[in-house]
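Structure assessment
These are the residues of each chain, in order.
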Amino acid sequence: MSRSLGLTAEARSAVFAPLAGPGRSEQVEQRMREAIVLGLVGHGERLPRETELARQFGVAVSTVREALDALRGQGLVRTTRGRDGGSFITSSEEGQRQLLAARLSRFSRAQLHDLAVQLGAISGASAATAAARATTADLDNLRTIARSIDFGDEVSARRGEALFRVEVAAAAQSPRLVAEELRLQAEFGPVIWFGMRDAALRDAVKHAQLILIDALDRRDGEAARAIVDTQLSALVASAISVSDAHRPDDAHRPDAASGASSSADPASLDDCVALVVDTFDAVFDALGRARDALATTLGSLAHPISRTTLDDSVRALAEAELAAGAQLVIGAGFVATPGFVDDAAWHLAWWVHQAGDALVQRLPPRQLAVVEDPESEFFRDYTRLEWWRGVASGEASHVTGPYVDYLCTDEFIVTLTMPVFDASGTQPGVAGVDVTVSALEARFLSAFARLGERVTLVNAQSRVVLSTDPTIAAGILLPDDAQRVPCGTLPLALVWH
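Below you will find a few notes about this structure. Note that the structure is a prediction, hence the values are computed from the model and not measured.

Reading the values: the criteria
Per-chain numbering applies: the sequence of each chain, read as written, is numbered from 1 onward. Confidence filtering applies because this is a predicted model: local features only for residues at pLDDT of at least 70, side-chain atom pairs given and counted only at 80 or more, and all residues used for totals across whole chains, interfaces and linings. Side-chain descriptors were evaluated using all non-hydrogen atoms of the structure, hydrogens and water having been removed beforehand. Working definition: helices are DSSP H or I runs of at least four residues, strands are E runs of at least two. Numbering for both runs from the N terminus. Only protein chains enter the accessibility calculation, which uses a 1.4 Å probe; a residue whose area is less than 20% of its type maximum is buried, one above 50% is exposed, and one in between is partly exposed. Only heavy atoms enter the contact rule, under which two residues are in contact if any of them lie within 4.5 Å. Aromatic rings from Phe, Tyr and Trp, with only the six-membered ring used for Trp, were paired whenever their centres fell within 6.5 Å, and each pair was classed as stacked if the ring planes differed by under 30 degrees, edge-to-face if by over 60, and tilted otherwise. Strand pairing follows a simple DSSP-based rule, namely that at least 2 bridges must link the two strands. In this description, a line fitted to the C-alpha atoms serves as the axis of each element, helices being fitted only across the stretch in contact, and the angle between N-to-C directions of two axes falls anywhere from 0 to 180 degrees. Multiplying 1.5 Å by the helix residue count minus one yields the expected span of that helix. What the bend at a residue measures is the angle between two axes, fitted to the seven residues ending there and to the seven starting there. Small angles under 35 degrees read as roughly parallel and large ones over 145 as roughly antiparallel, with 65 to 115 read as roughly perpendicular and the rest as oblique. Ten residue types, Ala, Val, Leu, Ile, Met, Phe, Trp, Tyr, Cys and Pro, are classed as nonpolar, four, Asp, Glu, Lys and Arg, as charged, and the remainder, Gly among them, as polar.

**Remarks on the overall build of the protein**
Looking only at helices and strands, one finds 18 helices and 12 strands in the protein. Across the 497 residues of the protein, 50% fall into the buried class. Residue pairs at least 24 apart in sequence account for 64% of intrachain contacts in the protein once pairs closer than 6 positions are excluded.

Dropping the structure here:
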């Protein structure tokens, strides 16, 4: 059996695998749409019967039927009756391209750059390991694949690049690297490769494949990894450009993501600074009102205060902040000073927006469940974190980030915090909100881009929050010699390249 057929079989298995947890028609619909986008089921192909699909996905037949109804409404599936009837795929290559473009537009720049890091970790490790383990036969196979790809054709280039990367992982002689490469290809590969509709980029990919094979032949693992990283950076930059071109004109307007009234388009760098300052000031104003209301409530409660009593006091305020912040605020709540809560030495009363498909996102915010037992190996002392230390040291407010919030939201975020004081001046805790970098992109990028120059927002440590330059990833550090324009008293600045 050819390796390309093996790839197809593996990817099809991943797409049609049983769903994790209770099955919903939206999940089945998404899986089926993925199969169409990946080209795992082609135009005119007949799908398994509803009962067989239900068995494969591990769901009820009625769930599959609802998913197929939705796909028929999108023009991706047609159903005929009779002896030779069934459900058939009706997506053309152009239809698949439109699906990919729509899917790509749902990724923020920060998410796409992070995806490149994840792909680079696997593909780079595969290339470096293959440099030490690949045989002459493995290298000959890679050369054969590279020669067989028609780089004049977008679809051939995309699929050929996907196969080439899996074969590099196979040459590394690591089943885990192959499995992870296949998983990432099935889930995200088409989004990254979509930028290869550009002929110049396809030529660059062709060249990268050839010099990678040469690096493997020289047993140069460091060079092989660097080639992969450089190529992924170029692919992501191209994908971002495609995504921007397909995004609605008003998708990044200031009022589109925040719920604020529309303002004049920035005409200067000073206008951009004002937009940043006004946005953060509005979030801090809302946080300050919630903080003051919470302080009043806490002062009226009988002591000692239990976790349940504290949660009941915080919940409505946190949910109100999440609602008022629209798409800007992802999490809100109160973090207690150790010992303030009677029945828990440590406690977070924090709520976050539900993440997932459209159905899940309509659910009420959920309260975070974190490890509060200091004897647990998973316990984290939050008083050592910057967002706590900033206001505990006497600051009236503090901005932390951007950083990866692995304790709570697993998002790349910026946290705004303010101290809470009681009538005696004691600090029972810290009030705060989390804002995702993705939401800040939606708020600022389009406005910044109208200046016609590269504009990058950085924090006090020169870490990038966002940039109009698609090659500059959120989270990287800019050189200190870049000229900065402070954003008022915020620990943020704009760099005009």
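**Details of unusual backbone geometry**
In this structure, the amide linkage connecting His303 to the following residue, Pro304, adopts the cis form with an omega of 5°. Here Pro304 is to be found in the loop between helix H14 (269–300) and helix H15 (307–324). The amide bond that connects Gly401 to the next residue, Pro402, takes the cis arrangement and shows omega of 10°. If you trace the backbone, Pro402 turns up in strand S6 (residues 398–404). With a phi close to 60°, Gln173 is a non-glycine residue in the positive phi region. Looking at the element boundaries, Gln173 is found in the loop between helix H8 (154–171) and helix H9 (175–187). If you check the backbone angles, Ser462 has positive phi at about 70° while not being a glycine. Topologically, Ser462 is positioned in the loop between strand S9 (455–459) and strand S10 (464–467).

**A closer look at the packing of aromatic side chains**
Counting across every chain of the model gives six aromatic pairs. Judged by centre distance (5.2 Å) and plane angle (80°), the ring pair of Trp346 and Tyr382 falls under edge-to-face. Taken together, the residues Trp346 in the loop between strand S3 (329–336) and strand S4 (348–352) and Tyr382 in the loop between strand S5 (366–367) and helix H17 (386–392) connect sequence positions 36 residues apart. Here Trp346 and Tyr382 have matching classes, each one buried. Seen from their ring centres, Tyr382 and Trp387 are 6.3 Å apart, and the 25° between their planes marks the pair as stacked. A residue is classified by how much of its surface remains accessible, and Tyr382, at 3% relative accessible area, is buried. Taking the relative accessible area as the measure of exposure, Trp387 reaches 11% and is therefore buried. Ring-pair connections join several aromatic residues into one group, and the members of that group are Trp346, Phe379, Tyr382, Trp387 and Trp388.

**Some details on the sheet that holds S10**
Across the sheet, four strands lie side by side as S10-S9-S12-S11; this open sheet has antiparallel pairing. Two strands lie at the open edges of the sheet, namely S10 and strand S11 (484–486), each paired on one side alone. Put simply, the sheet's adjacent strands are angled 25° from each other on average, direction ignored. Summarising the sheet, S9 and strand S12 (residues 492–496) pair through five bridges and their orientation is antiparallel.

**Notes on H15**
Counting along an α-helix, one turn takes 3.6 residues, and residues three or four places apart therefore face a common direction. Taking 1.5 Å as the rise per residue, H15 with 18 residues should run 26 Å; its terminal C-alpha atoms sit 25 Å apart, in good agreement. Along H15, the sharpest change in direction is near 30° and occurs at Val314. For H15, the complete set of buried residues consists of Leu310, Asp311, Ser313, Val314, Ala318, Glu321 and Leu322.

**Some thoughts on the pairing of S12**
Across the five residues of S12, four count as buried, placing the element largely inside the fold. A loop of five residues connects S11 with S12, the two strands running antiparallel in sequence, and Gly488 in this loop sits at a positive phi of about 60°.

**Topic: the packing of helix H7 (residues 136–148) against helix H11 (residues 199–217)**
Interhelical geometry of H7 versus H11 gives an angle of 175° and a closest axis separation of 10 Å. Taken together, the axis directions place H7 and H11 in an arrangement best described as roughly antiparallel. Here Leu139, Leu142, Arg143 and Ala146 of H7 lie close against H11, whose contacting residues are Gln209, Leu210, Ile213, Leu216 and Asp217. In terms of residue class, the contact of H7 with H11 is built from six nonpolar, one polar and two charged.

**Quick notes on the sheet that holds strand S7 (residues 412–420)**
Sheet architecture is open: six strands sit in the order S5-S4-S3-S8-S7-S6, paired in antiparallel fashion. Unpaired on one side and paired on the other, S5 and S6 mark the two borders of the sheet. Note that S7 and strand S8 (residues 429–436) share eight bridges and pair antiparallel. Bridge pairing in S8 links Pro419 to Val430. Seen against the sheet, helix H18 (residues 437–449) touches S6, S7 and S8 and runs at an angle of roughly 60° to S8.

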